[in-house]
Amino acid sequence: MRKTILTGDRPTGPLHLGHYVGSLQSRVDLQHEYATYVLIADLQALTDHAEQPELVRRNVLEVALDYLAVGIDPTVATIVVQSGVPELAELTVYYLNLVTVARLGRNPTVKDEMRQKGFDADVPAGFLVYPVSQAADITAFKADVVPVGEDQLPMIEQTVEIVRRFNRLYSPVLVEPQPLLSEAPLIPGADGRKMSKSLDNYVGVRDEPDEIREKVRTFITDPQKIRLGDPGRPEICPIFALHKLFSAPDRVRWIDENCRSGALGCVENKMNLADRIIEYYEPFRERRANLDATPGIVDEVLAEGAAKVQPVVEETMKAVRHAMNLA
Ligand code: SF4
């Protein structure tokens, strides 16, 4: 029997190159190897966007379109919206009794995100406990495998702790998930830090060509290379890191040599990168525009997804309620 994989995104904004290289591309391949659920985690998006429910709803539809356009095939994988499966919230409530606030506060991924968002004692309770909601998602779908980057490993550890505690306390009904570590390189954003929606340093996969040029223009480069003729250090330059992903190997070698010698200027190199990114995502933009012009397609895919997960989630909930002596 095929193993089950759960992946997904919070619909807090557009998917960007970091998502594409880091996970979207591999999801398209993995969907043929695993029984695949792709979760659009709108309840988790609300944990730090509670005042913008319309934005979250709009992004649910946009992210679903992105999935279809990159090649997630709804006849193979199941795309599902978190709020369409109310049992996930019920399961979260049960799991909340199995973790402490202190343990949640020590979760390194949550700590990093809180720092980035400027949360302190004012952190929304829902945000602090979102790893518990993730544990509910993973276990409700009986996922054996969860693809993650290195920085997300603490989230899987937290789920494993909850699963073990539940299985020990009540009955061994939950599946313990394993992380599937992504081999994708870290994708730098405009400020050189990891590309991220919350840092607003990203290039979106659905950005129009002019937007891509404008964003690439703002990227930092080697601070020692101030003008044409100055020798540069491509190994510390985010533009070079992106060229390695989007340009042909002989072009990458040429950039390396000409940056070091000073012959290549940063503006020219950035505009060349923007052209490569625009060219690379052209078929995606075309597919997305065609899907966008097909009335009802996203609603149909999401309704089918909700219906497909229902028997699996219901089976988990029956076992959980029974193990906990609940009605
Ligand atoms: S020439 Fe290109 S690789 Fe070198 S520092 Fe400038 S942008 Fe970066």
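Residues numbered from 1 in each chain as written. Predicted model: local features only at pLDDT ≥ 70, side-chain atom pairs only at ≥ 80, totals over all residues. Heavy atoms only, no water.

Re the overall build of the protein chain
Spelled out, the test is: We count a stretch as a helix when DSSP gives it H or I for four or more residues in a row; a strand needs E for two or more, and each element gets its number in order from the N terminus. The size measure is the radius of gyration over C-alpha atoms, and the globule rule it meets is 2.2 Å times the number of residues to the 0.38 power. Residue burial is assigned from relative accessible area. The probe radius is 1.4 Å, only protein chains are included, and a residue is buried under 20% of its type maximum, exposed over 50%, and partly exposed in between. Any two residues having at least one pair of non-hydrogen atoms within 4.5 Å are treated as being in contact. What sets the accessible areas is the Shrake-Rupley method with a 1.4 Å probe; for residues, cover comes only from the shown protein chains.
When helices and strands are tallied, the protein chain shows 15 helices and five strands. In summary, the protein chain has a C-alpha radius of gyration of 22 Å against a globular reference of 20 Å for 327 residues, a match within 12%. Taken along the three principal axes of its C-alpha coordinates, the protein chain extends 75 × 45 × 40 Å. Looking at the protein chain as a whole, 51% of its 327 residues qualify as buried. Looking at the protein chain alone, contacts between residues at least 24 apart form 77% of all its contacts between residues at least 6 apart. When the accessible surface of the protein chain is totalled, it reaches about 15,700 Å², and 54% of it is carbon and sulfur.

Things to note about the packing of aromatic side chains
This is how the line gets drawn: Only the six-membered ring of Trp is used, alongside the rings of Phe and Tyr, when aromatic pairs are assigned; centres must lie within 6.5 Å, and planes under 30 degrees apart are stacked while those over 60 apart are edge-to-face, with the rest tilted.
Under the definition given, this model contains eleven aromatic pairs. Seen in terms of ring centroids, Tyr37 and Phe141 are 4.9 Å apart; in terms of plane orientation they differ by 20°. Their pairing is stacked. Residue Tyr37 is located in strand 2 (residues 35-40), and its partner Phe141 is located in the loop between helix 8 (130-140) and strand 4 (145-148); the two are separated by 104 residues in the primary sequence. We classify Tyr37 as buried; its relative accessible area is 11%. Taking the centre distance of 5.3 Å and the plane angle of 65° together, the rings of Phe119 and Phe127 count as edge-to-face. Classification of Phe127 by relative accessible area gives buried; the value is 0%.

Some remarks on the domain arrangement of the protein chain
Note the cut-off: Segmentation of the chain into domains, including their bounds, is taken from an automatic or database domain assignment. Buried area: the accessible area, evaluated with a 1.4 Å probe, that two parts lose upon being put together, summed over both parts.
Per the domain assignment, the segments making up the protein chain are domain 1 (4-186 + 295-323) and domain 2 (209-280). For domain 1 and domain 2, the distance between their C-alpha centres works out to 35 Å. At the interface, five residues of domain 1 touch four residues of domain 2. In total, about 350 Å² of surface goes out of reach between domain 1 and domain 2, with carbon and sulfur atoms giving 83% of it.

Concerning the packing of helix 3 (residues 53-70) against helix 14 (residues 282-292)
Here is the rule: All axes are obtained by fitting lines to C-alpha atoms, using only the stretch in contact for helices, and the reported angles, taken between N-to-C directions, cover 0 to 180 degrees. Each angle is binned into one of four classes, with values under 35 degrees roughly parallel, values over 145 roughly antiparallel, values of 65 to 115 roughly perpendicular, and all other values oblique. Crossing handedness: left-handed means the near helix sits turned counterclockwise from the far one by under a right angle, and right-handed means the same turn made clockwise.
Taken N-terminus to C-terminus, the directions of helix 3 and helix 14 make an angle of 125°; their axes are 9 Å apart at the nearest point. Classified by the angle their axes make, helix 3 and helix 14 are oblique. Crossing hand, helix 3 versus helix 14: right-handed. For the pair helix 3 and helix 14, contact is made by Glu62, Leu65, Asp66, Leu68, Ala69 and Val70 and by Phe284, Arg287, Arg288, Leu291 and Asp292, respectively.

Details of the site of the ligand
Which entries qualify depends on this criterion: Being near a molecule or strand, for a residue, comes down to having at least one heavy atom within 4 Å of it.
By nearness alone, every residue bordering the ligand is listed as Thr221, Asp222, Lys225, Cys237, Ile239, Phe240, Cys259, Leu264, Cys266 and Asn269. At the level of elements, helix 11 (238-246) and helix 13 (266-280) are the ones that each hand at least two residues to the shell around the ligand.

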